[in-house]
Number of protein chains: 2
Amino acid sequence: MTEHTDKKPPALRLRIVFGGGAMLGPGKADLLEGIRETGSIAAAARGMNMSYKRAWMLVETMNAAFRAPVVQSSRGGSAGGGASLTQTGAAVLAEYRKLQDITAEAGADRIAALQAMLKGEAGEDPPDS
Amino acid sequence: MTEHTDKKPPALRLRIVFGGGAMLGPGKADLLEGIRETGSIAAAARGMNMSYKRAWMLVETMNAAFRAPVVQSSRGGSAGGGASLTQTGAAVLAEYRKLQDITAEAGADRIAALQAMLKGEAGEDPPDS
């Protein structure tokens, strides 16, 4: 049962497509989290192997889509500027992470059923063993 | 409250990333459904604006990833061949659709909270009105 200990558990990637066309998925959520942790859009981008240009584009897209900006940034200065999440940005990230937790929990049985149908998963035991 | 009647409700797109690297997302699920409905990989691909080559590649990827093939196909003949879901393919599609229903239901409050933070959503009324 534990013969595949080198395998990570399945992950559920979520993308919300809002009616007006706005989207929120793993990339934007991870970028918000990286900005919160590093205080810098550039550092957050580096941590994700994302270009600075793309990170800026995603931040500007989110800032334009939400009622209030999600990231506030200051350019220049001796510290090279910095960025932080606004109250809205922190709320967006928190809601997305809660959504991940809730859906992973609610869908665990279905995900396990799908995994059990994969080759090499769960050995040769039936799924209910 | 109903001023945005032209907008679709938010949709949740799910991609399962299994530990061994296999992935199952909206494209593969819609392709399986199209094959079930049309009896043809080519017709299913056309219905999704997907190239026949890509559809075949996705089918072969799934056939290799699961313990049993998900699609069985016959080439040639006067009918130009056909394709249908195997029992495994039907089960994979059914589990994925159940997962969509379960996660959409479980995550509805979080998705509504995110939507309420978007510009132009829910008018100027507070989210609980």
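Details of the structure are given in the entry above.
Summarised in this report is the structure supplied together with it. Position labels on residues start from 1 in each chain and follow its written sequence. Chains carry letters from A onward and ligands carry numbers from 1 onward, assigned in written order. Where totals are concerned, whole chains, interfaces and linings use all residues; where local detail is concerned, this predicted model gives features only for residues with pLDDT of at least 70, and gives and counts side-chain atom pairs only at 80 or more. Hydrogens and water molecules were not included; the side-chain quantities draw on all heavy atoms of the structure.

**Here we look at the pattern of salt bridges**
- For this document, the term salt bridge refers to a Lys or Arg side-chain nitrogen within 4 Å of an Asp or Glu carboxyl oxygen. Considering all chains together, one arrives at eight salt bridges over all chains under this definition.
- Across the pair K98 of chain A and E95 of chain A runs a salt bridge, and its minimum N-O distance is 3.8 Å. Of the two residues, K98 of chain A and E95 of chain A are both situated in helix α4 (residues 87-106); the distance of three residues between them amounts to about one turn of the helix.
- Residue classification places K98 of chain A among the partly exposed residues on the basis of a relative accessible area of 39%.
- Buried, partly exposed and exposed residues are distinguished by accessible area as a fraction of the type maximum, computed with a 1.4 Å probe on protein chains only: under 20%, between the cut-offs, and over 50%, respectively. Owing to a relative accessible area of 11%, E95 of chain A belongs among the buried residues under this scheme.
- Between E95 of chain B and R110 of chain A there is a salt bridge, and its shortest N-O distance comes to 2.3 Å. Of the two residues, E95 of chain B is situated in helix α4 (residues 87-106) and R110 of chain A in helix α5 (residues 108-116); the pairing between them involves two chains. Exposure class is identical for E95 of chain B and R110 of chain A. Each is buried. Helix and strand assignments follow DSSP, with helices taken as H or I runs no shorter than four residues and strands as E runs no shorter than two, numbered in order from the N terminus.

**A short note on the relation of the copies chain B and chain A**
- Mapping chain B onto chain A calls for a screw motion: a turn of 180° about the axis and a shift of 0.0 Å along it, with 0.0 Å RMSD after fitting. Expressed as a symmetry operation, the mapping of one chain copy onto the other fits a two-fold axis.
- Residue contacts are counted whenever heavy atoms from the two residues lie within 4.5 Å of one another. In this assembly the copies share their binding face: 100% of the residues contributing to the interface of chain B also contribute to that of chain A. Superposing copies: least-squares fit, C-alpha atoms only, residues required to have pLDDT of at least 70 in both.

**Thoughts on the sheet that holds strand β2 (residues 23-24) of chain B**
- Paired strands, in this sense, are two strands between which DSSP finds at least two bridges. Strands sit in the order β2(A)-β1(A)-β1(B)-β2(B) across an open sheet of four strands; the sheet is antiparallel. A strand with exactly one partner marks an edge of an open sheet, and here the two such strands are β2 (23-24) of chain A together with β2 of chain B.
- The pairing of strand β1 (residues 11-17) of chain A with β2 of chain A spans two bridges and is classified as antiparallel. Each residue of the ladder has a partner; that of V17 of chain A, found in β2 of chain A, is M23 of chain A.

**Overview of the packing of α5 of chain A against α4 of chain B**
- Orientation of α5 of chain A relative to α4 of chain B, taken along the N-to-C sense of each, is 160°, at an axis distance of 9 Å. Overall, the two elements α5 of chain A and α4 of chain B adopt an arrangement that is roughly antiparallel. As α5 of chain A packs across α4 of chain B, the resulting crossing turns out to be left-handed. Side by side, α5 of chain A and α4 of chain B meet where R110, I111, A113 and L114 of chain A of the first sit next to V92, E95, Y96, K98, L99 and I102 of chain B of the second.
- When the residues that make up the contact of α5 of chain A with α4 of chain B are grouped by side-chain class, the tally is seven nonpolar, no polar and three charged. Axes here mean lines fitted to C-alpha atoms, for a helix over just the part in contact, with angles spanning 0 to 180 degrees between N-to-C directions. Roughly parallel refers to an angle under 35 degrees, roughly antiparallel to one over 145, roughly perpendicular to one between 65 and 115, and oblique to any angle outside these ranges. Each crossing is labelled by how the near helix is turned from the far one, with a counterclockwise turn of less than a right angle marking it left-handed and a clockwise turn marking it right-handed. Three residue categories are used. Nonpolar comprises Ala, Val, Leu, Ile, Met, Phe, Trp, Tyr, Cys and Pro, charged comprises Asp, Glu, Lys and Arg, and polar comprises the others, including Gly.

**Some remarks on α4 of chain A**
- Take the number of residues in a helix, subtract one, and multiply by 1.5 Å to get its expected span. The terminal C-alpha atoms of α4 of chain A, which comprises 20 residues, lie 28 Å apart, in line with the 28 Å expected from a rise of 1.5 Å per residue.
- Taken residue by residue, α4 of chain A has T88, G89, V92, L93, E95, Y96, R97, L99 and T103 of chain A as its buried positions.

**Considering the environment of A65 of chain B**
- Within the element layout of this structure, A65 of chain B appears in helix α3 (residues 52-65).
- Take A65 of chain B: its relative accessible area is 22%, and that puts it in the partly exposed class.
- Sequence separation between A65 of chain B and A22 of chain B is 43 residues, and the spatial gap between their C-alpha atoms is 6.8 Å.
- With residues up to four places along the chain from it excluded, the contact list for A65 of chain B reads L118 and K119 of chain A together with A22 of chain B.

So yeah, pure geometry; function would need other evidence.
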